[in-house]
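Structural features, examined
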Amino acid sequence: MTNPMLAQFIPEARDLLAAANEALLSLERTPGDPDLVNTVFRSLHTLKGSSGIFDVAPLTQTVHACEDLLGQVRAGETGFESAMADGVFACLDAASRWLDHLEAEEALPPEAAAEAAALVEDLRGWLGTAAPDEAGGAAEVPALDDFSWLARLPEAERIEAVRAALQDGAPLTALVYDPAPDCFFNGDDPVQNLRQLPGLCCLAFEPRADWPGLDEFDPFTCNLRFFVLCAAPVATVGERMGYVADQCRAGLVGAADLICPAGEREGGEVFGDFSRRAEAMLAAGDWEALADAARGLEDLGAPDLYETSVLRWIALLAELRAEGVAVPDRWLSQLAAGVATGEVPVLADARPGPRPVARPAAPAPLPAAAAGVLAAQRELLSASRQQGEGSGCAARAALRVTRNALRACGRDDLLARLEEAVAGDDGGLGDRLDRWLETLLADVDPQQAAQPSAGPRTGRAATSAGDSGGGRRQGTVRVDQARLDSLMNLVAELVVAKNALPYLARRAQDTFGSRELAREIKDHHALVHRIVQDLQGMVMSVRMLPMGNVFQRFPRIVRDLSRKLGKQVELVMDGEETEADKNVVENLADPLVHLIRNSIDHGLEAPEERVAAGKPETGTIRLAARHENDSVVIEVSDDGRGIDPETVKAKAVEKGLIDSARAGTMSDDEARALIFAAGFSTVSDVSEVSGRGVGMDVVRDTVDSAGGRIDILSRKGEGTLLRLSLPLNLAVTRVMTVECGGGLYGIPMGLVVETVKVPRDRVHTVAGREAVVLRDNIVPLVRLARVLDRGGGDEPEEVAILVTRVRGALTGLVVDEFRGGMELIAKPMDGILGGVRGFSSVATLGDGRVLLILQVEELV
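Here is what the cut-offs are and how they apply
- Residues numbered from 1 in each chain as written.
- Predicted model: local features only at pLDDT ≥ 70, side-chain atom pairs only at ≥ 80, totals over all residues.
- Heavy atoms only, no water.
- Salt bridge = Lys/Arg side-chain N within 4 Å of Asp/Glu carboxyl O.
- Helix = DSSP H or I, 4+ residues; strand = E, 2+ residues; numbered from the N terminus.
- Buried < 20%, exposed > 50% of the residue type's maximum accessible area, 1.4 Å probe, protein only.
- Disulfide = S-S within 2.5 Å.
- Pairing = 2+ DSSP bridges.
- Axes fitted to C-alpha atoms, helices over the stretch in contact; angles between N-to-C directions.
- Contact = heavy atoms within 4.5 Å.
- Polar contact = N/O pair within 3.5 Å; in protein donor to acceptor, adjacent residues only side chain to side chain.
- Patch = residues over 30% accessible without salt bridge, like charges linked within 9 Å, V, L, I, M, F, W, Y side chains within 5 Å.
- Areas by Shrake-Rupley, 256 points an atom, 1.4 Å probe, with all protein chains shown as cover.
- Lys, Arg positive; Asp, Glu negative; His and termini not counted.
- Charge placed at Lys NZ, Arg CZ, Asp CG, Glu CD.
- Phe/Tyr/Trp six-rings, centres within 6.5 Å; stacked < 30°, edge-to-face > 60°.
- Core = buried A, V, L, I, M, F, W, Y, C linked by side-chain atoms within 4.5 Å.
- Arc of directions from axis to C-beta.
- pLDDT = per-residue confidence, 0-100.
- Left-handed = near helix turned anticlockwise from the far one by under 90°.
- Nonpolar A, V, L, I, M, F, W, Y, C, P; charged D, E, K, R; others polar.
- Parallel < 35°, antiparallel > 145°, perpendicular 65-115°, else oblique.

With the rule as written, the count across this model stands at 44 salt bridges. In this structure, Arg74 engages Asp246 in a salt bridge whose closest nitrogen and oxygen atoms are separated by 3.3 Å. Placement of the pair is Arg74 in helix H3 (residues 57–75) and Asp246 in the loop between helix H9 (234–240) and strand S4 (248–253), with a sequence separation of 172 residues. For Asp246, a relative accessible area of 51% puts it in the exposed group. For Arg208, the salt bridge is made with Asp178, and the minimal N-O distance between the two is 3.7 Å. A residue pair is termed long-range when its members are at least 10 positions apart, and Arg208 in the loop between strand S2 (200–207) and strand S3 (224–230) and Asp178 in the loop between strand S1 (172–177) and helix H8 (190–195) qualify at 30 residues. Among the residues examined, Asp178 registers a relative accessible area of 18% and is labelled buried.

With that settled, the discussion passes to the state of the cysteines. By the definition in use, this model includes 0 disulfides. Cys222 forms no disulfide, and the closest cysteine sulfur to it belongs to Cys183, at a distance of 4.3 Å. On the basis of relative accessibility, which here comes to 6%, the residue Cys222 falls in the buried class. Not part of a disulfide, Cys230 finds its nearest cysteine sulfur in Cys201, a span of 6.6 Å. For Cys230, a relative accessible area of 1% gives the class buried.

What follows deals with the sheet that holds strand S11 (residues 719–727). As summarised here, the arrangement of the 5 strands in space is S6-S8-S9-S11-S10, forming an open sheet in which the pairing is mixed. Of all the strands in the sheet, just strand S6 (569–574) and strand S10 (709–715) have a single pairing partner and so form its edges. Each strand of the sheet is rotated relative to its neighbour by a mean of 15 degrees, with strand direction disregarded. In this sheet, S11 lies alongside S10 in antiparallel orientation, the contact comprising 7 bridges. Paired with Ile712 across the two strands is Leu722, which belongs to S11. Across the face of the sheet, helix H22 (residues 554–565) comes into contact with S6 and strand S8 (619–628) while running at roughly 165 degrees to S6.

Time to look at the environment of Asp816. Following the sequence through the fold, Asp816 ends up in the loop between strand S19 (809–815) and strand S20 (817–824). For Asp816, a relative accessible area of 43% corresponds to the partly exposed category. In sequence terms Asp816 and Cys740 are 76 residues apart; their C-alpha atoms lie 5.0 Å from each other. Excluding its chain neighbours within four sequence positions, the residues that come into contact with Asp816 are Glu739, Cys740, Gly741, Gly742 and Ala800. For Asp816, the side chain forms a polar contact with the main-chain nitrogen of Gly741, separated by 2.7 Å.

Turning next to the pairing of strand S22 (residues 839–844). Of the strand pairs in this sheet, strand S21 (residues 827–828) and S22 are connected by 2 bridges, and their pairing is antiparallel. Each residue of the ladder has a partner; that of Lys827, found in S22, is Val842. Pairing of S22 with strand S23 (residues 850–854) involves 5 bridges; the strand directions are antiparallel. Bridged to Phe839 within S23 is Leu854.

To continue, consider a negative patch on the surface. A cluster of acidic residues, Glu22, Asp574, Glu576 and Glu577, forms a negative patch on the protein surface. Topologically, Asp574 is positioned in strand S6.

Before going further, it helps to spend a moment on the packing of aromatic side chains. Counted by the stated rule, this structure contains 4 aromatic pairs. Measuring from centroid to centroid gives 6.1 Å for Phe205 and Phe226, while their planes differ by 55 degrees, and the two rings are tilted. Of this pair, Phe205 sits in strand S2 while Phe226 is found in strand S3, placing the two residues 21 residues apart along the sequence. Site record: aromatic cluster; members linked through ring pairs are Tyr177, Phe205 and Phe226.

Taken together, 4 strands build an open sheet; the order of strands is S2-S3-S1-S4 and the sheet is antiparallel. For this open sheet the edge positions go to S2 and S4, each flanked by a neighbour on one side alone. When strand polarity is set aside, the average angle formed by the axes of neighbouring strands in this sheet is 15 degrees. Summarising the sheet, S1 and S4 pair through 6 bridges and their orientation is antiparallel.

Secondary-structure assignment places Gln247 in the loop between H9 and S4. With relative accessibility at 12%, the residue Gln247 sits in the buried group. Only 3.1 Å separates the side chain of Gln247 from the backbone nitrogen of Ala180, close enough to count as a polar contact. Every residue in contact with Gln247, bar those within four places of it in the chain, is listed here: Arg42, Val176, Tyr177, Asp178, Pro179 and Ala180.

What follows is about the nonpolar core. The biggest cluster of nonpolar side chains holds 50 residues, and the ones touching the most others in it are Leu150, Leu166, Phe274, Leu290 and Ile314. Elements that contribute at least two residues to this core include exactly helix H7 (155–168), S1, S2, S3, helix H10 (269–284), helix H11 (287–300), helix H12 (306–322) and helix H13 (329–341). No other element matches H12, which puts 10 residues into this core. The contact partners of Phe274, leaving out residues within four places of it in the chain, are Leu290, Ala293, Ala294, Leu297, Leu311, Ile314 and Val339. The next biggest cluster of nonpolar side chains, apart from the first, holds 45 residues, and it includes Phe554, Leu561, Ala580 and Ala677.

Here we take up helix H16 (residues 412–422). Here H16 has its buried residues at Leu414, Leu415, Leu418 and Val422. When H16 is viewed along its axis, its buried side chains cluster within an angular range of 105 degrees and face the same direction. Turned more than 90 degrees from where H16 packs its buried face, Asp412 and Glu420 sit exposed. At its buried positions, H16 is contacted by helix H15 (393–408) and helix H17 (429–441).

In the predicted model, the protein chain carries a mean pLDDT of 79, and 86% of its residues have values of at least 70. Confidence, expressed as mean pLDDT per element, reaches its minimum in the protein chain at helix H6 (residues 132–135) with 38 and its maximum at S3 with 93. Segment residues 129–138 is flagged for pLDDT under 50; beyond a separation of four residues in sequence, or across chains, it makes 24 contacts in the model. Across residues 445–473, confidence stays below pLDDT 50; counting only partners more than four residues off in sequence or on other chains, it has 39 contacts.

Tracing the chain through its elements places Pro607 in helix H25 (residues 607–612). For Pro607 and Gly619, which are 12 residues apart along the polypeptide, the C-alpha to C-alpha distance reads 8.2 Å. When neighbours within four sequence positions are excluded, Pro607 is seen to be in contact with Gly566, Lys567, Gln568 and Glu617.

Remark: H15 packs on H17, axes separated minimally by 9 Å, with the N-to-C direction vectors making an angle of 35 degrees. Judged by the sense of rotation from one axis to the other, the crossing of H15 with H17 is left-handed. Between H15 and H17, the contacting residues are Ala395, Arg396, Ala398, Leu399, Thr402 and Leu406 on the first element and Leu429, Gly430, Leu433, Trp436 and Leu437 on the second. For the contact of H15 with H17, a count of residues per class yields 8 nonpolar, 2 polar and 1 charged.

Our focus in this paragraph is the packing of helix H19 (residues 481–510) against helix H20 (residues 515–543). Orientation of H19 relative to H20, taken along the N-to-C sense of each, is 165 degrees, at an axis distance of 9 Å. Classed by the angle they form, the pair H19 and H20 counts as roughly antiparallel. Viewed along their axes, H19 and H20 form a crossing whose handedness is left-handed.

This is how it looks when you write it as structure tokens:
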């Protein structure tokens, strides 16, 4: 893919779709759960925002429509129904298909726009008559009841807001926005959310809680509260902030709420004289003269004086009044009186009670991290004095660090004091700096100052599993599967090269007679063996995936199929955290789909049939995974009607899969195994779900090709359990090596039941075929040398038999000799060897020989 941003977007989008699907399924079971509604809404909201930067308008429009619908559910305007979920699921399915096409072609399919329009149109029935863009789906923003913070907004911006409100008649909305601490992980950008507000007049912010020390600081946690003033109606502001309505409070404010003079009071006769002249101008209605007088006196006063602030407000209001704007006379008279008395006028007529006076904030305490750094500088100065270097490099370095620490925590006031304290030549610099630091740190908690800068982390990064204590945040990196496969191939080559070292050591000793060289090779082999084992284990662990990657698709499959068949089904999943090689996990997807569909269609009865049988209306399907030795076991069970062996045998005879004589001699277990035969089905009519006779044979073939097995346990009227056992890791193959006709061959260990040697006279001919009796079981024999056309010499007194189990049946392979088991990395038969029957893969041994691994099922 040529677009790296698109390559990053697609897997993230799939994760968001999966989260929305999962939460939507749960929401169907508990429609009133607000957390689930929020989860679906957030996933869709994040996906909509992420898709907006690409040319994928149909995807964005479709997800936006779903988001609007969930927004109405979230606001309580619409009740959630299963039929509504059908429409959302259809949109999510379309989005998933479009992502597949986007990944392959870097563009949406041509029909995406028309399909998106149809999907959005279907959702409009739930949204109402408005189009999704107009519906908004925004929840109502709660009312704001505390407006005291308005006085802390910058005065210049408040003056412009009052001008807009009085001159243009624009409504003023005050908004307090408390973003969720994890808003960034939900796809929200608080600043971007606020930038889209119409008529934005003023934006301020403050920390919601005390800032933690540098050791605990998490830059990905939002600790800010935003204060906003907009020249727009509350409803408009609420609509724009609807996606985060639960984090906002808004209310309508009047112009008087913003007229709050501030600053240090000076008093003086000049201001008292102005107050008397202002009263005369007010009585005469001479607004222009009042504005000119206020601006003239304002130019003479210091900008940060309280009286100057009052004059600015008087000049504004008098100017507006001169322009014909309706400004209450009492506002001007109160301001003029405030100049004379030094009291803050109470102008917020719409807000009962006095407005708190804004007082200068007390100096902020020294942050813990800065205190610790400064305390460390005192220790450095003390150590340097002991070495006679108090006025040298150490003192200058400590001063430089102290300046940087104060700048970092914004303490410019302390910087000025520092420069005064250390002024002078370098002589005695260390002592002057030490005395100043001692005075500064006297008011600091000793434990705070002594806090180490690299102590234990208690923030988000500290709680991440596997944090090595280096202070680094743990994260994940998406790696293309092809790179993992290439890495695995390189490890395989390294394993082969490592296995050649013992042969090289033997050759050095036997051929060249150098025992010293042989010993050194063996020593290095032990070291390389350990490193390769660790590397191989690490690569294997990277390839491991949880079974939840496959399981997560089945709740949706069960939901859709049960609704189609009119059955009530509950899916219970267990062991989703069980890990297996990625190839095992991926190969299990299709077989498990067939097993689940088969359980719903064939296994579970209709509700009325279950009630008649004394069962609950809702059938249960259990999907479980667990580790068992070096295998992963997946079980699919149901509490349905079970498998009737007689019905299976009758259908098999009817379809010509077996004859009547064979059916009469089959055991119940052998009869149940017929469901895996190609073309077998117990359904007479072909439907969309079943009846074609394909599906279960796919399950068996997939499991067999992976070196696993499948077992059936069933009881008529009580239910069925299918157990799949597969090797935990397909990258490493465990084989049993045997010698036959002078060649060495491998047989997958999962097929091996036992190895046994029997006297030649115990081999009998039964129905024209060689067989041997082992523990009261007749085991047919296959002579491997004859099948592989490897010739054969005189038969020994004892026959070596490797007993295998293929598709539930025992078969003995007659070989020349057993050579033991080994683990190796096998590669499939590709190219011109791909069509060779009887062999599944090949592996290279340490001495350079090629080991052929047999496809036992074809041979027997």
